[in-house]
Amino acid sequence: MSVEPMKVIIAKPGLDGHDRGAKVVARALVEAGMEVVYLGLRQTPESIVNAALEEDADVIGLSILSGAHMTHFRRVKELMDKNGLGDRLLTGGGIIPTKDQEKLKELGIEKVFGPGDDIQAIVDYIRTWHRSRST
Amino acid sequence: MNSDRRTGHSLKPELWDQFFKGSRLACARLITLVENFPELVPEIRDKLFSHRRSAIRIGVTGPPGVGKSTVTAALARRALKKGHSVGVIAVDPSSPFTGGAFLGDRVRMQSLIGDPHIFIRSLASRDGHGGLSPSTPYAADIFDAFGMDRIYIETVGVGQAELDVLTCADLVILVLQPGTGDVIQALKAGIIEAADMFLINKSDLPGTESLLDSLRFIFEISARQKTIPRPPILAASALHNKGLDEASAEMERLIHGLIQSGRFQKKKRLRLEGEIKASILQNLWEQFSTLTNAPEEIQAAADDLLKSGQSPYPFIRKISSRIKMETVNEKTCCENRR
């Protein structure tokens, strides 16, 4: 295979039960040729990073609509760094206020997506990151 | 992709050091390498072969949606309780249209999360069309060398004839559910014959008894049965946690029998033979296509044949005669050397 397929984890941390967005994004990434490991609802940061490690995932995408994004993103990032996954992409989406997006940037989470964002923008963002990583 | 993962066409020694020290990330990376870089497979195999410890490989196969992942998780949990170190390889299909894959087996394996003695890896089937990905046997060997002594290999949801699982499992469990077909379906050749054990999941649903009857019937009338013992046929309900202790115990009995009877060794030998033959075939094709310009000729011939509507066999005979010539040349040159 000439192009190495990307492996992406899609997960919903915490107790938020709204998984439609996560499914829509997962499906879009599959249609863009990526291999998506779908973890689904009620994951912990530990279970997400453990899965990313076992799957040797390139990307972790978190879907959070509960308002607990700062806690979850921070913890997942910490665990990624601790487990040797600091060079992977952490991104996500949900209801994340602009001021929190700025704080997430400080943690190294460059970009998250929200309502109204084009699904293609997510695909492009991941692909661009992947290309810059390959070179 | 990642410069830290490999240097040119060989692996960094650090990766091996980490792997043999028990780094789970190194184990995960090696699996990625056998998935993405077939050219690295011989080197990885060479290094790992002597480190394998004869882990038992259990194939779990069956139609889509019958509960393979749930059953795999239930059996794996019981193996963990007995003190085994467990590897799970869960294969889901790749899209033939986009190359993407939705790998959803982990969703059914939540109860296993957090145990340090289990390692779950999802694989997309990619170019595999027999229920597994081409790299599955290599991933199983990596788990074996990493110290897992029980390896569960869950196939893509299969129909009647996807039998790749035989190429890498010591024992095949066929998971079925009520309502998937009558006795005529059960009589058909293929996957039914490959199973060492039948597990009818969702036995809380109606139709379980008639499926049990159908399966028992085909083994009653089978002449092969004189030489091969009838596979156990069990019913379970993973949802209600019923029948799985029995299934796990039955599986352990089968494994014990496999080892005692020498069939375990025989299966391993057959798999090794298969791998050698497949590699030779691959090498032959590569040599043939580099020595001749076969790929171009085949393409041109296909064009002509489509236009002329002629049978392809005269061309096949002509081009195949060159294989014979190459072999003869090789033979004479070997004899000369002697």
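Residues numbered from 1 in each chain as written. Chains lettered and ligands numbered in written order. Predicted model: local features only at pLDDT ≥ 70, side-chain atom pairs only at ≥ 80, totals over all residues. Heavy atoms only, no water.

Q: Report on the sheet that holds strand β3 (residues 59–64) of chain A, specifying residues and quantitative values.
A: Strands belonging to one sheet form pairs held by backbone hydrogen bonds; the direction of such a pair is parallel or antiparallel. The strand order across the open sheet formed by six strands is β5(A)-β4(A)-β3(A)-β1(A)-β2(A)-β3(B), and the pairing between neighbours is parallel. Both edges of this open sheet fall to β5 (112–113) of chain A together with β3 (101–103) of chain B, since each of them pairs with a single strand only. With three bridges connecting them, strand β2 (residues 35–43) of chain A and β3(B) associate as parallel partners. Note that in β3(B) the partner of V36(A) across the bridge is F102(B). (Pairing = 2+ DSSP bridges. Helix = DSSP H or I, 4+ residues; strand = E, 2+ residues; numbered from the N terminus.)

Q: Give me the lowdown on the interface of chain A and chain B, citing residues and values where you can.
A: The interface is formed by 31 residues belonging to chain A together with 32 residues belonging to chain B. Around 2700 Å² of area is buried between chain A and chain B when both sides are counted, 46% of it from carbon and sulfur atoms. Of all residues in chain A, the largest losses of buried area upon contact with chain B belong to E4(A), E35(A) and E54(A), amounting jointly to 25% of the total for that side. Joining chain A to chain B, the criterion identifies five salt bridges. (Contact = heavy atoms within 4.5 Å. Buried area = accessible area lost by both parts, 1.4 Å probe. Salt bridge = Lys/Arg side-chain N within 4 Å of Asp/Glu carboxyl O.)

Q: Describe the sheet that holds strand β7 (residues 197–200) of chain B, with residues and values.
A: Residues and elements named next belong to chain B. Read from one edge of the open sheet, seven strands run β4-β2-β5-β1-β6-β7-β8, paired in parallel fashion. Both edges of this open sheet fall to β4 (118–124) and β8 (233–235), since each of them pairs with a single strand only. With direction set aside, neighbouring strand axes in the sheet form an average angle of 20°. (Axes fitted to C-alpha atoms, helices over the stretch in contact; angles between N-to-C directions.)

Q: Lay out the state of the cysteines in plain terms, naming residues and giving numbers.
A: All names here are of chain B. Tallied over the entire structure, the rule returns zero disulfides over all chains. With no disulfide of its own, C27 lies closest to C168 among cysteine sulfurs, the gap being 16 Å. Look at C168 and you get buried, because its relative accessible area is 2%. (Disulfide = S-S within 2.5 Å. Buried < 20%, exposed > 50% of the residue type's maximum accessible area, 1.4 Å probe, protein only.)

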